[in-house]
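Chain by chain, the residues:
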Amino acid sequence: MDDLDHQLIAALRQNARASLSELSKRLGVSRGTVQNRLTRLIESQTILGFTVRLKSGAERNRIRAIMMIEVSGKNTRRVVHALRGLPQIHALHSTNGAFDLVAEIEVADLAEFDDVLSRVRQIEGIERSETSLLLAPA
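Definitions and cut-offs
Residues numbered from 1 in each chain as written. Predicted model: local features only at pLDDT ≥ 70, side-chain atom pairs only at ≥ 80, totals over all residues. Heavy atoms only, no water. Axes fitted to C-alpha atoms, helices over the stretch in contact; angles between N-to-C directions. Helix = DSSP H or I, 4+ residues; strand = E, 2+ residues; numbered from the N terminus. Parallel < 35°, antiparallel > 145°, perpendicular 65-115°, else oblique. Contact = heavy atoms within 4.5 Å. Nonpolar A, V, L, I, M, F, W, Y, C, P; charged D, E, K, R; others polar. Core = buried A, V, L, I, M, F, W, Y, C linked by side-chain atoms within 4.5 Å. Buried < 20%, exposed > 50% of the residue type's maximum accessible area, 1.4 Å probe, protein only. Salt bridge = Lys/Arg side-chain N within 4 Å of Asp/Glu carboxyl O. Expected span 1.5 Å × (residues − 1). Arc of directions from axis to C-beta. Pairing = 2+ DSSP bridges.

1. Remarks on the packing of helix α2 (residues 20–27) against helix α3 (residues 31–43)
- Their axes nearest at 8 Å, the elements α2 and α3 cross at an angle of 105°. The angle between α2 and α3 places the two elements in the roughly perpendicular class. Between α2, through L20, S21, L23, S24 and L27, and α3, the contact on the second element is made entirely by R31, V34, Q35 and L38.
- In terms of residue class, the contact of α2 with α3 is built from five nonpolar, three polar and one charged.

Have a look at this one:
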C-alpha cells in the first residue's frame, strides 16, 4: 500500500458511501485510478467490507459490554473461532496482561445478554472472563 491507498482508505472511513467521482476529486486523481485502487484493495482483502457508523446514542436501548477473556493453554484459535460465531460479539481483540482477548458485546436486552454470557462460558478453552457493562459515555 502506498500513500494514495492510505488516503483512499481514510476518505472511505469518513464516508464509505462517497461516489468514485467524489473520491477522485478529493484525492486529485482520475475516477479510473480510484476504481482500480478500490478494486485491488477489495480483491487483496485489505478492505473486507463496508459498514454503517451510527451517532453515539442512536441506539439508546442497546446493551453494550466489554468482556475480558483468559484462554487456557493453546486454545486461542479455537476460542477465537467460536467467539466469531456469535453475532452479538461485534469486535474481538487480542491483548496483553492477565487476559488474552477483549470482546465487544452488543445485545438488545438483558435476556440476550445473559444468553451470550452463558454461551461464552460453555466455550472449551475459556479459563475465565470478566464482563463490564458500558453505561453512559464519559
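2. Looking at the nonpolar core
- Ranked by internal contacts, the top residues of the largest apolar core, which has 21 residues, are I69, L83, L101 and I105.
- Put simply, the parts of the chain that give this core at least two residues each are β1 (63–71), α4 (76–84), β2 (89–94), β3 (101–107) and α5 (110–121).
- Ranked by residue count, the leading element in this core is β1, at five residues.
- In this structure, L20, L27, L38 and L41 belong to the second largest nonpolar core, which totals 13 residues.

3. Describing the pattern of salt bridges
- In the structure shown here, the tally under the stated rule is seven salt bridges.
- Among the salt bridges present, the one from D5 reaches R37, with a minimum N-O distance of 3.0 Å. Here D5, found in helix α1 (residues 3–14), pairs with R37, found in helix α3; they are 32 residues apart in sequence, far enough to count as distant. Just as D5 is buried, R37 falls in that class too.
- One salt bridge connects D115 with R119, and the closest N-O pair in it is separated by 3.4 Å.

4. Observations concerning unusual backbone geometry
- If you check the backbone angles, Q45 has positive phi at about 65° while not being a glycine.
- As for its position among the elements, Q45 is in the loop between α3 and β1.
- The exposure class assigned to Q45 is exposed, which follows from its relative accessible area of 59%.

5. Observations concerning α3
- Taking 1.5 Å per residue as the helical rise, α3 with its 13 residues ought to reach 18 Å, and the 18 Å between its terminal C-alpha atoms agrees with that figure.
- Among the residues of α3, V34, R37, L38 and L41 are the ones counted as buried. Taken end-on, α3 shows its buried residues confined to a sector of 100°, consistent with a single buried face. Turned more than 90 degrees away from the buried face of α3, the exposed residues are N36 and E43.
- Turning to α3, the residues buried within the fold contact α1 and α2.

6. Describing the pairing of β3
- Along β3, six of the seven residues are buried, which leaves the element largely enclosed by surrounding structure.
- Pairing between β2 and β3: five bridges, direction antiparallel. Its bridge partner lying in β3, S94 is registered against L101.
- Hairpin connection, β2 to β3: the antiparallel pair is bridged by six residues, and G97 has positive phi, about 100°.

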